[in-house]
Every structure is written in C-alpha cells, then in structure tokens.
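Observations on the three-dimensional arrangement
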Amino acid sequence: MAIDTTAAGPAIGSTDTPAERKMLRRVVVASSVGTLFEWYDFYLYGSLAIFFGRLFFPPGNPTAQLLASLATFGAGFGVRPLGAIVFGYLGDIIGRKYTFLITMATMGFGTALVGFLPTYAQAGLSATVLLVLLRLAQGLALGGEYGGAVTYLAEHVADKKRGYYTSFVQTTATIGFLISMIVIGATRIGLGEEDFRAFGWRIPFLLSFILLAVSLYIRMRMSESPVFRKIKEAGAVSRNPLKESLTNRVNLKYVLVAMFGVTAGQGVIWYTAQFYALTFLQNTLHIAWQYAYVMISIALVLATPLFVAFGALSDRIGRKNLMLWALILGTLTYIPIYMGLKHFANPQGLAVANPAQFNWFMIELLLFIQMVYACMIYGPMAAFLVELFPTRIRYTSLSLPYHFGIGWFGGFLPLIATALTTSTWAQQTFGGGSIYTGVLYPMAVCLVSVVVTSVFIRETKDHKIEAKMHLE
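Only a predicted model underlies this, so the values are computations on that prediction, with no experimental measurement involved.

This part takes up the confidence of the model for the chain. Predicted confidence across the chain gives a mean pLDDT of 85, with 94% of residues reaching 70 or more. Confidence drops under a pLDDT of 50 for residues 1–10, and excluding neighbours within four residues, the segment shows 26 contacts in the predicted structure.

Here is the structure:
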C-alpha cells in the first residue's frame with residue numbers, strides 16, 4: 001500500500017492522533033531508510049580510504065597513495081553540487097518521490113560495481129580511472145538524495161515538530177558510516193587479512209545490490225508530498241527552479257548565507273569528527289585499524305541519539321543558537337582535542353601504538369565531544385534549510401548550499417588536513433607539532449561560519465513551510 005496523503009488539510013502530526021502517528025512513522029522510515037543505505041554506500045570508500053591507496057594507485061610512495069586515495073574520496077563530494085542542480089531541478093518540476101528513486105538506483109549500482117573493479121596491479125591506471133568514475137556517479141546521486149529526503153519529510157509534518165522529525169534523516173549519515181565500518185570490520189575479521197586484501201574487500205560493495213532492492217521497494221510505496229501536490233494541482237510549479245533560485249535576490253541571499261553560515265561549518269565539523277578522526281588515529285597515531293574502528297564506533301553509538309535530541313530542542317529554543325555554539329566550540333577546541341588524543345593514545349610517538357598504553361575513557365571522551373558538536377549543528381540543520389526556501393524551488397534551493405558547503409568544504413577535509421599535516425611547511429614551522437596542523441583548516445572554516453551565522457542568519461523555527469518566501 002502506498003503512503004496515502006492528501007493535498008489539503010492539516011499536516012500529518014498536527015493533531016497527533018494514533019492514525020497520524022502511524023502514518024508519520026511510515027513517512028519517517030520511507031525517507032530515512034533509503035538515505036541511510038545511500039550513506040552506507042557512499043562511505044564504504046571513506047572507511048577503506050587508507051586501504052584503497054594500496055589497491056588502486058601506483059606503488060612506491062605510501063604518502064602519495066594515501067593522498068591520491070583521499071583525493072578520489074573528495075572527488076565524489078566535488079560533483080555533489082552538480083547532482084544538486086540536476087536532481088533538484090527534477091525534484092521541483094516532476095516531484096520529490098520519483099527524483100530520489102533515480103538517485104537511489106544510481107548510488108546503488110555505482111557502489112555495487114566497485115566490487116567488480118580490477119585493481120591497479122591487474123589493470124594499471126584503467127583501474128584508477130574506473131574507480132574515480134564510479135565515485136563521481138555516487139557523488140551525483142548523493143547530490144540529489146539528501147535534499148529530496150528532508151524536503152519530502154518536512155512537507156509531511158506540522159511546523160511545530162519539524163526539527164524533531166527531520167532530525168531522524170540527520171541520523172542516517174552517522175548510522176550509514178557506522179554500518180559501513182561494522183560490515184568492513186566483520187568481513188576483515190571473518191576472512192582474515194590476507195583473503196580480505198585479495199578479494200574480501202569486494203563483499204561490502206556487492207552487498208549494495210541487496211540494500212538497493214530493499215530501498216527501492218520501500219520508496220516505490222511512497223506517495224508524493226502533500227505540499228508539492230498542492231502547488232502542482234494549482235499550476236504553481238516552477239518552470240525553471242535553478243534560474244528562480246539564483247536570480248531572485250532574496251532567495252540567492254539565503255542560498256549564500258546558508259552555504260557559508262551553516263553548511264560549510266557543518267561540513268568540516270562532521271568530517272573532522274568522523275573521517276579525519278579515523279584517519280588521524282590510524283595514519284598519524286599509528287593505531288591498528290581494529291582499535292580505531294572500535295573507538296570511532298563507540299563514539300558514534302553514544303552520540304547518534306543526540307541528533308534527534310538537538311533537533312527536538314531546536315523546536316523549542318530555535319535553530320540558530322544551537323548551530324552557532326557548535327561552530328564556536330569547534331573553532332576553540334580542536335587543537336586541544338587532538339593534542340589530547342595523542343597524549344592518551346600514543347604519547348611516545350611509537351611506530352605502532354601500544355594498546356596497553358591507551359586511556360580508553362579519555363580517547364572516547366575526546367571523540368564523543370567532537371561528535372556532540374556534529375549533533376548540535378546537524379540535528380537542527382535540515383529543518384533550518386527547509387524553512388529558508390519556498391515550496392516551488394525548495395528542493396533546488398536547499399540542495400545547492402548543502403552540497404556546495406558540505407560537499408566541497410567538508411568532503412575535501414581529509415585530503416586538505418592530511419596534506420597540511422604532511423607538508424614540508426608544517427614540519428619546518430611546527431616540528432613535532434605539525435601533526436596538529438590538519439585541524440587548522442576546519443577551525444578556519446568554522447570561524448568564517450561563526451561570523452556569517454552571527455551577522456546574517458535569522459531564526460527560522462516559527463516560519464510556515466507553505467509561505468512563499470522567508471523574511472523579505
């Protein structure tokens with residue numbers, strides 16, 4: 001049975017009846033599960049970035065291999081704005097439902113095909129090129145997925161509960177990352193390192209065929225969002241949402257403010273807390289992958305409920321201050337946090353970190369603190385972005401700043417931070433302290449976002465989602 005919503009009448013959740021709660025749970029699941037699987041697909045590569053350097057890039061220089069692997073990881077983010085333009089355009093013209101069916105299929109096949117790729121030892125640079133092309137396909141798909149999912153869900157719920165319900169979609173990126181690490185870790189342990197290196201690394205990617213089938217089944221049962229159906233029946237659908245998003249002076253202002261004030265800062269906070277932390281533990285502190293995966297996974301499990309908690313809190317006290325404080329804390333505390341990680345994990349700078357010297361509690365606390373920042377800004381952010389833009393161009397207008405900000409500023413963070421840390425400039429300037437220079441990049445981006453958010457962003461929580469335009 002399709003999820004049945006009507007074009008007229010109050011939003012689901014506005015009267016809080018048992019029937020509405022049941023219907024809303026189905027909408028949340030339909031919006032979130034597919035997005036979760038897409039994040040799983042996208043982050044498989046990130047979880048194996050260090051490992052893939054040896055598989056798909058020329059041998060001889062481990063640092064060059066790592067940087068090339070991280071650059072390929074970033075390439076998927078680099079094309080996300082193009083995906084936002086293409087699929088945002090389609091989503092505002094033909095609807096939310098059918099557009100993210102396309103993004104789901106593209107992501108699923110793009111990921112699964114990685115499992116069939118030859119390695120550099122088997123096919124040379126052809127293997128590298130094919131890997132990059134599939135990463136680009138994944139980036140295009142993800143560029144259309146997030147905007148569709150949060151728009152679809154937000155257009156089903158009452159204004160007063162928007163932060164709470166949209167925060168469930170916000171949990172999917174972290175859960176997808178966690179699942180990718182669990183699947184990879186279980187496969188590596190189950191097969192052993194030799195077999196995993198030989199063929200086992202393909203298994204997590206091939207599992208995407210199963211996830212794709214489940215996701216498509218769930219999303220095929222969805223109906224179009226009631227808010228979009230209303231404007232479609234009224235003949236008010238935008239003829240050119242991209243042009244309207246960028247040529248309307250007020251709307252363009254909000255695109256730019258959202259990009260530099262929230263999404264860029266959120267991007268570096270999220271990727272510092274998760275991917276850069278994982279790279280730092282393994283590559284800089286020389287912690288074995290098993291311990292690094294466990295450390296990150298524990299922090300993820302502990303922090304994930306906070307996305308929903310901060311989303312719900314934003315319905316009461318507003319979105320802006322929560323997001324602003326996350327940016328301020330990131331700016332002030334990243335260097336002490338990463339100095340603390342070294343002190344509690346590998347204080348002597350051993351070539352292989354000794355687990356007997358780990359202060360597990362303090363390591364987990366420092367990882368958890370970073371993830372709290374991510375929850376503070378990302379939990380309310382979906383509701384904030386949805387509230388900025390009018391229905392007729394919401395999919396496009398929301399997707400543009402999200403994927404430019406997070407895709408470019410956040411997606412290239414592991415590459416930029418690692419390049420800074422290993423640079424001659426850092427080593428000559430800071431000596432042994434050069435290992436901390438990677439966090440200068442997210443600190444700088446957070447500082448810019450603090451200024452833009454403080455000066456230009458207004459509170460949005462009381463904005464009605466069907467209004468033509470936010471504050472003129």
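Within the secondary structure, Ser434 sits in the loop between helix 21 (424–430) and helix 22 (440–456). Once you skip the residues sitting within four places of it in the chain, Ser434 turns out to touch Thr421, Ala426 and Gln427.

Attention now moves to the packing of aromatic side chains. Tallied over the full model, the rule gives 26 aromatic pairs. With centroids separated by 6.4 Å and ring planes inclined at 75°, the aromatic side chains of Trp201 and Phe205 adopt a geometry described as edge-to-face. Put simply, the rings of Phe52, Phe56, Trp201 and Phe205 touch in pairs and so form one group of aromatic residues. Sitting above the plane of the Trp289 ring, Arg188 keeps its charged end 4.0 Å from the centroid. We note Lys253 situated over the ring of Tyr254; from NZ or CZ to the ring centre the distance is 5.6 Å.

Of note, His286 is a non-glycine position whose phi angle comes to about 60°, a positive value. Counting through the fold element by element, His286 comes out in the loop between helix 14 (249–284) and helix 15 (289–303). Among the residues examined, His286 registers a relative accessible area of 33% and is labelled partly exposed.

Now for the state of the cysteines. In protein chemistry, a disulfide is the covalent bond that joins the sulfur atoms of two cysteines. Applying the stated criterion across every chain yields a total of 0 disulfides. Of all cysteine sulfurs in the structure, the one in Cys446 sits closest to Cys375, which takes part in no disulfide; the separation is 15 Å. A relative accessible area of 0% places Cys375 in the buried class. With relative accessibility at 0%, the residue Cys446 sits in the buried group.

As a packed pair, helix 18 (residues 360–388) and helix 19 (residues 394–410) sit with axes 9 Å apart at the nearest point and diverge in direction by 140°. The pairing of helix 18 with helix 19 is recorded here as oblique in orientation. Residue-level inspection shows Tyr378, Met381, Leu385 and Val386 of helix 18 in contact with helix 19, the latter providing Arg394, Leu398, Tyr402 and Ile406. The residue makeup of the contact of helix 18 with helix 19, split by class, is 7 nonpolar, no polar and 1 charged.

Let us look at the pattern of salt bridges. Summed over all chains, the structure comprises 9 salt bridges. Asp159 is the partner of Arg162 in a salt bridge, and the nearest nitrogen-oxygen pair spans 2.0 Å. Among the salt bridges present, the one from Arg319 reaches Glu387, with a minimum N-O distance of 2.5 Å. You can see Arg319 sitting in the loop between helix 16 (305–317) and helix 17 (320–345) and its partner Glu387 sitting in helix 18, a full 68 residues away along the chain. Taking relative accessible area as the criterion, Arg319 reaches 0% and is therefore assigned buried. Via salt bridges that share partners, Asp159, Arg162, Asp315, Arg319 and Glu387 belong to a single interconnected network.

Formed by 126 residues in total, the largest nonpolar core has its most connected members in Tyr43, Phe52, Trp270, Ile296 and Tyr338. Among the elements that make up this core, the one with the highest residue count is helix 14 (18 residues). Leaving out residues up to four positions away in the same chain, Tyr43 has contacts with Phe73, Phe77, Ala173, Phe177, Ser180, Trp270, Tyr271 and Phe275.

What follows concerns a nonpolar patch on the surface. On the surface, a nonpolar cluster with roughly 460 Å² of combined accessible area is contributed by Leu191, Phe199, Ile203, Leu207, Ile210 and Val214. Looking at where Phe199 falls in the secondary structure, it is placed in helix 9 (residues 193–200). Take Phe199: its relative accessible area is 40%, and that puts it in the partly exposed class.

Cut-off values and rules
Residues numbered from 1 in each chain as written. Predicted model: local features only at pLDDT ≥ 70, side-chain atom pairs only at ≥ 80, totals over all residues. Heavy atoms only, no water. pLDDT = per-residue confidence, 0-100. Contact = heavy atoms within 4.5 Å. Helix = DSSP H or I, 4+ residues; strand = E, 2+ residues; numbered from the N terminus. Phe/Tyr/Trp six-rings, centres within 6.5 Å; stacked < 30°, edge-to-face > 60°. Lys NZ or Arg CZ within 6 Å of the ring centre and 35° of its normal. Buried < 20%, exposed > 50% of the residue type's maximum accessible area, 1.4 Å probe, protein only. Disulfide = S-S within 2.5 Å. Axes fitted to C-alpha atoms, helices over the stretch in contact; angles between N-to-C directions. Parallel < 35°, antiparallel > 145°, perpendicular 65-115°, else oblique. Nonpolar A, V, L, I, M, F, W, Y, C, P; charged D, E, K, R; others polar. Salt bridge = Lys/Arg side-chain N within 4 Å of Asp/Glu carboxyl O. Core = buried A, V, L, I, M, F, W, Y, C linked by side-chain atoms within 4.5 Å. Patch = residues over 30% accessible without salt bridge, like charges linked within 9 Å, V, L, I, M, F, W, Y side chains within 5 Å. Areas by Shrake-Rupley, 256 points an atom, 1.4 Å probe, with all protein chains shown as cover.

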